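# Breakdown of the fold
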Amino acid sequence: MGKINLGVKVGRLELKNPVLVASGTFGYGEEYAPLIDLNQLGGIVVKGTSLKPKIGNPPPRLAEVSCGLLNAIGLENIGVEQFIQEKLPFLKKFDTKIIVNIFGFSIDEYAALAEILDTTGIDALEVNVSCPNIKTGGEVFATDPKMVAQITQAVCQRTHLPVFVKLSPQVTDIVAIAKAAMDAGADGVSLINSFPAMGVDVFTRKPKLGNITGGLSGPCLKPIALKMVWDIVRNSNIPVIGIGGITNFEDALEYLIVGAKAIQIGSANFLNPQVSIEVIKGIKAYLERHEIKDINMIIGSLKT
Amino acid sequence: MGKINLGVKVGRLELKNPVLVASGTFGYGEEYAPLIDLNQLGGIVVKGTSLKPKIGNPPPRLAEVSCGLLNAIGLENIGVEQFIQEKLPFLKKFDTKIIVNIFGFSIDEYAALAEILDTTGIDALEVNVSCPNIKTGGEVFATDPKMVAQITQAVCQRTHLPVFVKLSPQVTDIVAIAKAAMDAGADGVSLINSFPAMGVDVFTRKPKLGNITGGLSGPCLKPIALKMVWDIVRNSNIPVIGIGGITNFEDALEYLIVGAKAIQIGSANFLNPQVSIEVIKGIKAYLERHEIKDINMIIGSLKT
Amino acid sequence: MILETAKVLEQRHFIEEGTENFHLLTLFAPNIAREAKPGQFVMVKVDYTLDPFLRRPFSIFFCEGEKIALLYKMVGKGTNLMSNWRGGEEVSVLGPLGRGFQILPEFPQWLVAGGAGIAPLCFLGSELIKKGVSFKIIWGLRYKVREDLIDLLHEKLGSLIIYTEDGSMGYQGLVTSGVEALYEKQKPAGIYACGPWPMLKALAFWTEKENIPMQVSLETQMACGIGACLGCIIEGKDGYKKLCQQGPVFKAEEIKWER
Amino acid sequence: MILETAKVLEQRHFIEEGTENFHLLTLFAPNIAREAKPGQFVMVKVDYTLDPFLRRPFSIFFCEGEKIALLYKMVGKGTNLMSNWRGGEEVSVLGPLGRGFQILPEFPQWLVAGGAGIAPLCFLGSELIKKGVSFKIIWGLRYKVREDLIDLLHEKLGSLIIYTEDGSMGYQGLVTSGVEALYEKQKPAGIYACGPWPMLKALAFWTEKENIPMQVSLETQMACGIGACLGCIIEGKDGYKKLCQQGPVFKAEEIKWER
Ligand SMILES: Cc1cc2nc3c(=O)[nH]c(=O)nc-3n(C[C@H](O)[C@H](O)[C@H](O)COP(=O)(O)OP(=O)(O)OC[C@H]3O[C@@H](n4cnc5c(N)ncnc54)[C@H](O)[C@@H]3O)c2cc1C
Ligand SMILES: Cc1cc2nc3c(=O)[nH]c(=O)nc-3n(C[C@H](O)[C@H](O)[C@H](O)COP(=O)(O)OP(=O)(O)OC[C@H]3O[C@@H](n4cnc5c(N)ncnc54)[C@H](O)[C@@H]3O)c2cc1C
Ligand SMILES: Cc1cc2nc3c(=O)[nH]c(=O)nc-3n(C[C@H](O)[C@H](O)[C@H](O)COP(=O)(O)O)c2cc1C
Ligand SMILES: Cc1cc2nc3c(=O)[nH]c(=O)nc-3n(C[C@H](O)[C@H](O)[C@H](O)COP(=O)(O)O)c2cc1C
Ligand code: FES
Ligand code: FES
């Protein structure tokens with residue numbers, strides 16, 4: 001059997017393999033560099049970045065739950081300028097795609113971020129729309145197709161980079177939101193972001209998180225995320241990056257078989273810092289065992 | 001310390017304790033009768049019941065996932081007439097509340113079920129709105145506040161029994177749906193139903209369920225369900241029955257502390273047929289240890 | 001049907017390079033043992049955390065006095081956890097569940113097993129011995145098993161005929177060819193079978209043709225094990241059947257074998 | 001920082017009716033052992049299923065040659081699973097992590113521990129002995145611990161002063177009263193402390209008043225352990241600090257003690 005192709009194309013973004021690491025779970029890459037060879041990754045999605053630095057939520061910010069993790073980091077980050085100056089140069093040394101996850105509290109902030117990052121040599125933008133819109137008094141952008149479209153359009157107008165819109169799972173109709181993003185110019189969508197959730201310490205009767213509520217991530221979400229990916233791919237041609245609860249190569253393959261063109265690994269990096277490399281190896285071994293020469297023959301191959 | 005009160009009132013429904021067993025996970029009670037004393041339960045919510053018997057989905061109908069269970073039973077049931085004749089007499093022998101979970105594919109079907117069950121001596125109706133509306137071509141009732149209101153109203157007009165509307169979690173705004181149900185006459189809402197989800201067997205590349213997609217239940221859902229209960233109780237006075245991933249007394253207390261007036265235990269019955277009794281005992285011991293005389297002092301006592 | 005806290009009396013591991021691996025778990029479970037019949041199963045809680053989430057079903061391999069034993073293969077995370085259990089541990093077991101084999105009065109009878117399908121047939125065989133029913137037992141395997149497992153089966157059942165796909169033990173070939181070979185010498189009054197679906201399906205077509213009554217013990221995904229969840233259905237010729245309650249043993253002619 | 005597959009060399013259980021329970025896990029982890037400094041910690045993968053989901057952080061109790069040891073209390077499901085590990089098992093350990101103690105040149109120094117807070121201070125004590133720094137070690141407990149654990153600590157650290165809340169071992173009272181009693185005889189050049197928050201907080205106010213430099217090893221919920229998730233923050237006087245990277249050892253004056 002000849003060489004196996006792991007390369008995929010998601011919209012305009014070409015990846016040497018479909019395995020990315022998810023925003024907020026891999027820092028700026030440098031934290032994991034002592035533990036894994038970053039060159040092997042399909043890409044790195046860096047921590048959510050805003051125009052100005054953000055301090056984030058009060059502690060406690062984490063709580064473990066059954067097969068998952070609650071977090072209320074509160075989008076703490078060093079801001080786009082410091083990212084470009086202090087973090088990006090290190091990341092650029094590696095032969096992997098760099099995708100910057102951006103968020104703002106108004107459409108203008110998203111647009112400004114797109115413009116600033118356009119010519120910095122990164123490979124794509126991931127637009128996190130799961131933020132409250134401060135202009136409308138807090139409604140979350142991600143739940144309204146119109147707002148998602150407006151943000152996407154504003155971002156796409158200011159950048160030449162491929163743009164992926166990262167969707168929140170807490171919506172009635174994920175397909176409508178995905179279509180809104182595509183019609184506004186996105187190259188694809190990535191999903192899912194963490195799910196709004198909470199936990200209570202019954203002995204103190206206090207919320208487990210300082211912020212009361214937070215986002216749920218981890219394997220507990222996988223069956224939900226997989227279904228949302230499936231809903232989108234069977235109702236459209238939208239390129240999808242699948243995210244949610246991937247902890248091994250089988251999980252990753254579930255997403256690819258359903259129709260995701262690439263996947264991101266999030267919380268599982270905490271459990272096993274080398275998980276992304278193991279997933280790449282596992283996918284390759286699977287293809288070899290099944291004598292499949294090209295990963296693209298797996299994508300969307302669900303037998304229904 | 002005197003006697004501890006475990007009794008709660010949810011709308012017009014009085015329960016001797018807040019622990020119910022959830023629809024579809026406890027059959028018609030008779031299956032569990034050899035294993036636990038049904039008299040001890042706050043109430044039993046029987047399997048979803050329709051006007052005519054339903055055959056359900058093709059196998060496989062179950063798949064285990066991380067900290068949870070995927071099911072696509074397809075609402076198999078014996079129909080309301082056979083329920084009344086063959087199952088209800090047995091249930092009535094016990095000193096516990098009997099709540100019948102009903103579903104239909106049109107508003108008329110819901111109304112007819114309410115009327116038939118009204119004078120059978122059951123204690124309440126739970127209206128499962130997570131069904132596709134065959135008249136509108138399959139949109140699920142549960143996602144549209146207007147449809148939920150119409151069903152609720154139709155049911156309440158035909159019955160004197162307390163009515164609880166069981167909500168689906170896959171909506172953008174659970175509070176709006178809960179309010180629609182209440183405005184239409186419900187005594188309260190119960191949530192959550194299982195979450196639309198799926199799984200893939202990567203070796204055969206087939207869906208794990210015969211129906212392709214199914215509902216996710218179990219501990220993996222608890223943090224999501226808890227947040228939805230919290231969203232409703234902090235934005236309204238709606239009586240809520242909390243459901244999702246309860247496996248022990250601490251889980252049950254999380255819901256009560258957040259503000260649910262009662263809880264239902266679903267999938268955990270499979271893991272431990274005696275879980276409901278253990279939860280009741282655990283809650284009681286907790287109240288004793290904390291010297292709290294009345295469970296109602298715990299309900300909604302979250303310290304934020 | 002009893003929810004019993006059973007005590008692990010012993011666990012034996014039949015593991016060796018180049019053999020099919022089996023584990024034998026012997027439990028002190030007097031209440032379940034008192035009621036158990038051949039072909040019935042138990043649901044075992046495999047962990048005290050929530051992953052794995054569900055109980056796992058296992059046929060009763062033998063039942064003697066206050067003890068029951070399970071013979072299982074390690075195939076996934078649940079059986080992996082179980083294989084670490086040692087004497088003295090307490091485990092939660094629900095059983096005995098389902099309907100067992102209906103023992104026919106006529107003989108000779110054949111017990112046809114594939115892989116771990118030997119489990120319910122061993123219990124059945126012991127019962128047939130007690131009843132004085134003469135039978136033959138044919139066990140099909142992919143490759144050989146450890147000799148001491150064979151010794152154990154000899155002890156419980158007397159002689160048995162073994163087929164392995166690679167010929168590393170007993171005769172070479174599929175168990176179905178073994179059945180046909182045997183058939184040239186003798187016609188059985190009835191067959192009891194347990195094993196993988198393709199094996200059972202082949203036997204079902206063959207027994208139908210030859211007009212031999214057969215009972216099969218089937219498997220499917222389960223959640224409750226007691227008829228409450230409606231999850232374990234299997235397609236019968238006249239509609240769905242709950243495997244945990246109406247089975248796991250069915251008459252072959254009840255089952256829809258084409259899928 | 002290394003992700004190492006460590007081998008369990010030995011596990012000792014200091015369990016007895018009426019004692020505070022401790023477990024001592026000795027691991028063969030040569031790469032981590034080579035780099036470890038007192039006050040650093042490791043993240044241990046406790047299960048191969050996904051519940052519990054995260055690694056668990058533990059201070060290094062001692063580090064000798066190619067071995068590291070963890071001393072822990074069983075408080076929940078992760079530590080419960082760990083307590084079942086036996087010699088020979090392989091476990092995934094990430095470490096050494098965080099910044100350790102900064103060893104001051106002046107002495108005498110005091111090491112003040114509460115409960116499992118003894119863990120990082122034992123490693124520190126061994127290091128102080130190597131460096132010839134004289135120190136006192138005071139350990140506060142709710143009630144007594146097993147004598148052989150005390151023997152082990154004597155062996156590593158020489159004598160130690162024990163306070164129990166119920167007086168069942170050593171002096172009766174809180175460790176903080178022990179510190180004040182000792183202070184009447186001698187003023188320390190510096191204190192290193194690890195234990196529950198109220199103890200550390202009381203010490204922090206007292207050392208501030210008495211102008212004694214103190215380093216504390218703190219705890220919080222963690223996910224990554226390497227500074228990537230921003231989950232383990234703790235409030236410092238000049239803003240949030242990542243406990244896993246900037247700590248777990250901090251100068252007492254850096255921390256905002258009022259909550
Ligand atoms: C009535 C009944 C009796 C059984 N008796 C025995 C027995 O005596 N000895 C024995 O070794 N096995 C028996 N099985 C099969 C046994 O239940 C499964 O092997 C076990 O549940 C696998 O658990 P796991 O966590 O190790 O595997 P998982 O990690 O859950 O899955 C590993 C693989 O096993 C398959 N599997 C999982 N659960 C089942 C199931 N319930 N039935 C069939 N395949 C499954 C999965 O699809 C997967 O391919 C029986 C099953 C049933 C339904
Ligand atoms: C840097 C650091 C070093 C530590 N060193 C030691 C040590 O040497 N010996 C020792 O016994 N313990 C130590 N701990 C605490 C130890 O990590 C927890 O006891 C352990 O994670 C509990 O796991 P569990 O699954 O058994 O408990 P869980 O079931 O997760 O929880 C049980 C209880 O423990 C609490 N808990 C859980 N995780 C933590 C945590 N990370 N920090 C504090 N409390 C927690 C929970 O809130 C809950 O009340 C350390 C913690 C940190 C952050
Ligand atoms: C600690 C933490 C921080 C996160 N921060 C971000 C973020 O800044 N931006 C974002 O879009 N998603 C963020 N996420 C969501 C993840 O990128 C991912 O969508 C989610 O965790 C689901 O994937 P998983 O189940 O593999 O973790 C964060 C998740 C975690 C656990
Ligand atoms: C096998 C199975 C069957 C179910 N059948 C019904 C049903 O008929 N009607 C209904 O409203 N909910 C049904 N449910 C949903 C449960 O009542 C409950 O809402 C859900 O499982 C979440 O609770 P849990 O996490 O405790 O299981 C079913 C759930 C399972 C697992
Ligand atoms: S396993 Fe639940 S009905 Fe059979
Ligand atoms: S634990 Fe992740 S940053 Fe500290």
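Residues numbered from 1 in each chain as written. Chains lettered and ligands numbered in written order. Predicted model: local features only at pLDDT ≥ 70, side-chain atom pairs only at ≥ 80, totals over all residues. Heavy atoms only, no water.

As a further point, take the pattern of salt bridges. Evaluation of the coordinates by the stated rule reveals 40 salt bridges over all chains. Between K222 of chain A and D251 of chain A there is a salt bridge, with its nearest N and O atoms 2.7 Å apart. Separated by 29 residues along the polypeptide, K222 of chain A in helix α5 (residues 222-235) and D251 of chain A in helix α6 (residues 249-258) bring together distant segments of the chain. Given a relative accessible area of 12%, K222 of chain A falls into the buried group. For D251 of chain A, a relative accessible area of 8% puts it in the buried group. The salt bridge involving K241 of chain C is made with D238 of chain C; its shortest N-O contact spans 3.3 Å. Looking at D238 of chain C, the relative accessible area reads 65%, which means it is exposed. If you follow the salt bridges from partner to partner, you end up with K222, D251 and E254 of chain A in one network. (Salt bridge = Lys/Arg side-chain N within 4 Å of Asp/Glu carboxyl O. Helix = DSSP H or I, 4+ residues; strand = E, 2+ residues; numbered from the N terminus. Buried < 20%, exposed > 50% of the residue type's maximum accessible area, 1.4 Å probe, protein only.)

Another aspect to go through is the UniProt feature "active site" (unreviewed entry) in chain A. Residue and element names in this part refer to chain A. In the numbering used here, UniProt assigns the "active site" (unreviewed entry) feature to C131. As for its placement among the helices and strands, C131 is situated in the loop between β8 (124-128) and α3 (145-158). Among residues more than four places away in sequence, those in contact with C131 are L75, F103, G104, F105, Y110, E139, V140 and F141. (UniProt positions renumbered as here; feature names shortened; annotations may be inferred. Contact = heavy atoms within 4.5 Å.)

Residue and element names in this part refer to chain C. Per the domain assignment, the segments of chain C are domain 1 (2-97) and domain 2 (109-217). For domain 1 and domain 2, the distance between their C-alpha centroids amounts to 22 Å. Across the boundary between the two partners, domain 1 contributes 22 residues, which contact 21 residues of domain 2. For the domain 1 and domain 2 pair, buried surface summed over both sides reaches about 2,000 Å², with 69% attributable to carbon and sulfur atoms. Three residues stand out in domain 1 for area buried against domain 2, namely E20, P38 and F61, and they jointly supply 32% of the buried area on that side. Where domain 1 meets domain 2, there are two salt bridges. R12 is the salt-bridge partner of D148, the closest N and O atoms lying 3.9 Å from each other. For the interface between domain 1 and domain 2, the tally reads six residue pairs in polar contact (both at pLDDT 80 or more). Elements that contribute at least two residues to the side of domain 1 that touches domain 2 include exactly β1 (2-14), β2 (22-28) and β5 (62-64). Residues belonging to the side of domain 1 that touches domain 2 are distributed by class as follows: 11 nonpolar, five polar and six charged. (Domains from an automatic or database assignment. Buried area = accessible area lost by both parts, 1.4 Å probe. Polar contact = N/O pair within 3.5 Å; in protein donor to acceptor, adjacent residues only side chain to side chain. Nonpolar A, V, L, I, M, F, W, Y, C, P; charged D, E, K, R; others polar.)

The next thing to look at is the interface of chain A and chain B. How big an interface is tends to be stated in terms of the accessible area lost upon association of its parts. Taken together, the contacts link 47 residues of chain A with 48 residues of chain B. Carbon and sulfur atoms supply 69% of the area buried between chain A and chain B, which totals about 4,100 Å² over both sides. Three residues, T172, M198 and R205 of chain A, lead the burial of chain A against chain B; their summed loss comes to 18% of the area buried on that side. At the boundary of chain A with chain B, the tally comes to zero salt bridges. Sorting elements by how many residues they give to the side of chain A that touches chain B places α5 of chain A first, with six residues.

Now for unusual backbone geometry. The step from L191 of chain B to I192 of chain B runs through a cis peptide bond, and the omega angle for that step is 10°. Position of I192 of chain B among the secondary structure elements: in the loop between β10 (188-191) and β11 (195-198). In the segment running from D51 of chain C into P52 of chain C, the intervening peptide bond is cis, with an omega of 0°. Mapped onto the secondary structure, P52 of chain C falls in the loop between β3 (41-44) and β4 (56-59). We note that R205 of chain B has phi near 60°; this positive angle belongs to a residue other than glycine.

Residue and element names in this part refer to chain A. Around ligand 3, the surrounding shell holds 21 residues, and the nearest of these are S23, K166, G218, G245 and S267. Here a nitrogen atom of ligand 3 and a side-chain polar atom of N193 are 3.5 Å apart. S267 places a polar side-chain atom, nitrogen or oxygen, 2.5 Å from an oxygen atom of ligand 3. Burial of ligand 3 by the protein chains amounts to 98% of its free accessible area of 610 Å². Of the residues in the shell around ligand 3, the class split is five nonpolar, 14 polar and two charged. (Near = heavy atom within 4 Å. Areas by Shrake-Rupley, 256 points an atom, 1.4 Å probe, with all protein chains shown as cover.)

The subject of this paragraph is the UniProt feature "domain: FAD-binding FR-type" (unreviewed entry) in chain C. In the UniProt entry, the feature "domain: FAD-binding FR-type" (unreviewed entry) is given for residues 1-103 of chain C. Split by type, residues 1-103 of chain C is 12% helix and 44% strand. Its first and last C-alpha atoms lie 21 Å apart.

Before going further, it helps to examine the relation of the copies chain A and chain B. Overlaying chain A on chain B yields an RMSD of 0.0 Å, the required transformation being a rotation through 180° with an accompanying axial translation of 0.0 Å. The two molecules are tied by a two-fold rotation axis, judged by turn and shift. A shared binding surface is used by both copies, with 100% of the interface residues of chain A retained as interface residues in chain B. (Least-squares fit on C-alpha atoms with pLDDT ≥ 70 in both.)

The next subject is the pairing of strand β9 (residues 135-141) of chain D. Residue and element names in this part refer to chain D. Taken across its seven residues, β9 has six buried, putting it largely inside the fold. When strand β8 (residues 109-114) meets β9, the two strands line up parallel, connected through six bridges. Of the residues in β9, the one forming a bridge with G114 is G140. After leaving β8, the chain enters helix α3 (residues 118-131) and then returns to the sheet as β9, a path that is right-handed. Pairing analysis gives four bridges linking β9 to strand β10 (residues 161-164), with the strands arranged parallel. Pairing of L141 across the sheet is with T164, part of β10. (Pairing = 2+ DSSP bridges. Right-handed = clockwise from strand over helix to strand, strands pointing away.)

All right, on to the UniProt feature "binding site: FMN" (unreviewed entry) in chain A then. All names here are of chain A. In this structure's numbering, the residues bearing the UniProt feature "binding site: FMN" (unreviewed entry) are S23, K47, G48, N101, N128, K166, I192, G218, G244, G245, G266 and S267. Residue position: N101 is located in strand β7 (residues 97-102). Discounting residues that sit within four places of it in the chain, N101 has contacts with S23, V45, V46, K47, G48, T49, E126, N128 and K166. Turning to its location among the elements, N128 is positioned in strand β8. The buried category is assigned to N128, whose relative accessible area is 7%. For N128, the contacting residues outside a window of four places in its chain are L75, N101, I102, F103, Y110, K166 and N193.

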